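Residue-level structure breakdown
Residues per chain, in single letters:
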Amino acid sequence: MASYLNFALLFAVFSVGCSARSLMMTEKFCKTQSLQTNLTFNTCVDLPTLGATLHWNYDSMTGDLDLAFTASNPGGWIAWGINPTGLRMLGTQAMVAVFDSSSMVVTPYTYNISSYSSVIPGPISFPYSNLTAVVDDFRTAIFAHMMLTPETTTVNTVWQVGPMNGTRTIAMHSMDYDNLNSVLKLDLIQPDVGSPAPAPSPSPMAM
Ligand SMILES: *[C@@H]1O[C@H](CO)[C@@H](O)[C@H](O)[C@H]1NC(C)=O
Ligand SMILES: *[C@@H]1O[C@H](CO)[C@@H](O)[C@H](O)[C@H]1NC(C)=O
Ligand SMILES: *[C@@H]1O[C@H](CO)[C@@H](O)[C@H](O)[C@H]1NC(C)=O
Ligand SMILES: *[C@@H]1O[C@H](CO)[C@@H](O)[C@H](O)[C@H]1NC(C)=O
């Protein structure tokens with residue numbers, strides 16, 4: 001009996017591991033996701049890394065952008081931003097949802113990321129309003145209204161997830177492949193996120 005239970009437990013862990021892996025590679029969250037908002041978004045893309053999604057409505061005449069960014073990172077922070085200066089972290093005008101483990105709520109902040117060593121909240125160069133964040137059992141979401149320069153059609157988007165350092169301070173994200181490739185030149189009118197880069201096949205030795 002005991003050995004049967006052990007076997008069952010081992011198998012359960014193994015299957016969860018497998019389905020989590022295939023979920024990361026194939027699941028498209030846009031199709032099934034329900035958001036905690038009364039806004040209806042016309043467009044959603046499954047971003048190519050970190051299981052993140054971006055929903056939006058955009059009026060290119062005025063630059064009015066309503067967005068919802070989601071990612072799953074229980075207990076940690078998630079971030080989304082636009083980088084007017086290039087496809088990289090430095091220069092990103094970011095919105096970060098920070099999880100406070102003492103109150104169990106997420107709070108959104110803006111970050112003007114101008115240094116790797118000191119990543120602290122501060123004003124960003126885009127006017128925005130209605131910045132909110134929510135967390136449920138599965139995912140964290142950031143909602144905002146942003147004003148882009150009228151007639152903008154393409155933006156450098158940058159997103160990320162990472163752990164907390166204590167209850168309120170964000171700690172550095174991991175340097176895994178996905179974390180270092182969470183940038184995309186996004187056409188807000190005709191989005192094409194392509195297909196995710198193939199995951200490196202695990203070496204048999206590592207299993
Ligand atoms: C949606 O609208 C209803 C009715 O105005 C309101 O009670 C509810 O709090 C809103 N939900 C969200 C997530 O804003
Ligand atoms: C963001 O940081 C850069 C570099 O320090 C600075 O030049 C810029 O004025 C800052 N932007 C805002 C909106 O504070
Ligand atoms: C901000 O939220 C308020 C209340 O939900 C809503 O009435 C307003 O239209 C929103 N503003 C923008 C610019 O989305
Ligand atoms: C956590 O914060 C402390 C105090 O600021 C700092 O010394 C430490 O390096 C931080 N650790 C990480 C992992 O960021």
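Residues numbered from 1 in each chain as written. Chains lettered and ligands numbered in written order. Predicted model: local features only at pLDDT ≥ 70, side-chain atom pairs only at ≥ 80, totals over all residues.

Named according to an unreviewed UniProt entry, the protein chain is DOMON domain-containing protein originating from Zostera marina.

Attention shifts here to the nonpolar core. Counting 42 residues, the largest nonpolar core has Phe69, Trp77, Val96 and Ile142 as its most contacted members. By residue number, the principal contributor to this core is strand E5 (residues 93-100), which donates 6 residues. The contact partners of valine 96, leaving out residues within four places of it in the chain, are Trp77, Ala79, Pro108, Tyr109, Tyr111 and Ile170. (Core = buried A, V, L, I, M, F, W, Y, C linked by C-beta atoms within 7 Å. Buried ≥ 20, exposed ≤ 12 C-beta atoms within 10 Å, placed from the backbone. Helix = DSSP H or I, 4+ residues; strand = E, 2+ residues; numbered from the N terminus. Contact = placed C-beta atoms within 7 Å.)

Once that is clear, we can look at the sheet that holds strand E9 (residues 154-162). Read from one edge of the open sheet, 5 strands run E6-E5-E4-E9-E12, paired in antiparallel fashion. The open sheet has two edge strands with one neighbour each: strand E6 (105-112) and strand E12 (183-187). Ignoring strand direction, the axes of neighbouring strands in this sheet form an average angle of 20°. (Pairing = 2+ DSSP bridges. Axes fitted to C-alpha atoms, helices over the stretch in contact; angles between N-to-C directions.)

Taken together, the neighbourhood of ligand 3 is formed by Asp66, Ser129, Asn130 and His145. Tallied by class, the residues present in the shell around ligand 3 amount to no nonpolar, 3 polar and 1 charged. (Near = placed C-beta within 6 Å. Nonpolar A, V, L, I, M, F, W, Y, C, P; charged D, E, K, R; others polar.)

All residues adjacent to ligand 2 are Asn112, Ser114, Gly122, Pro123, Ile124 and Ser125. Considered class by class, the residues forming the shell around ligand 2 number 2 nonpolar, 4 polar and no charged.

Further remarks concern the pairing of strand E8 (residues 140-147). Regular strands show a simple pattern: their side chains alternate between the two faces of the sheet. The element E8 is largely enclosed, with a buried count of 6 among its 8 residues. Summarising the sheet, strand E3 (residues 64-71) and E8 pair through 8 bridges and their orientation is antiparallel. Bridge assignment links aspartate 64 to a residue of E8, and that residue is methionine 147. Bridge count for strand E7 (residues 128-135) against E8 is 6 bridges, and the pairing is antiparallel. When the sheet's bridge partners are listed, valine 135 is paired in E8 with threonine 140.

Next up on the list: the confidence of the model for the protein chain. Mean pLDDT over the protein chain: 84, with 80% of residues reaching 70 or higher. Taken as a whole, residues 1-26 scores under 50 in pLDDT and shows 2 contacts with residues more than four places along the chain or in a different chain. The low-confidence segment residues 196-207, where pLDDT is below 50, has 6 contacts with residues more than four positions distant or belonging to other chains. (pLDDT = per-residue confidence, 0-100.)

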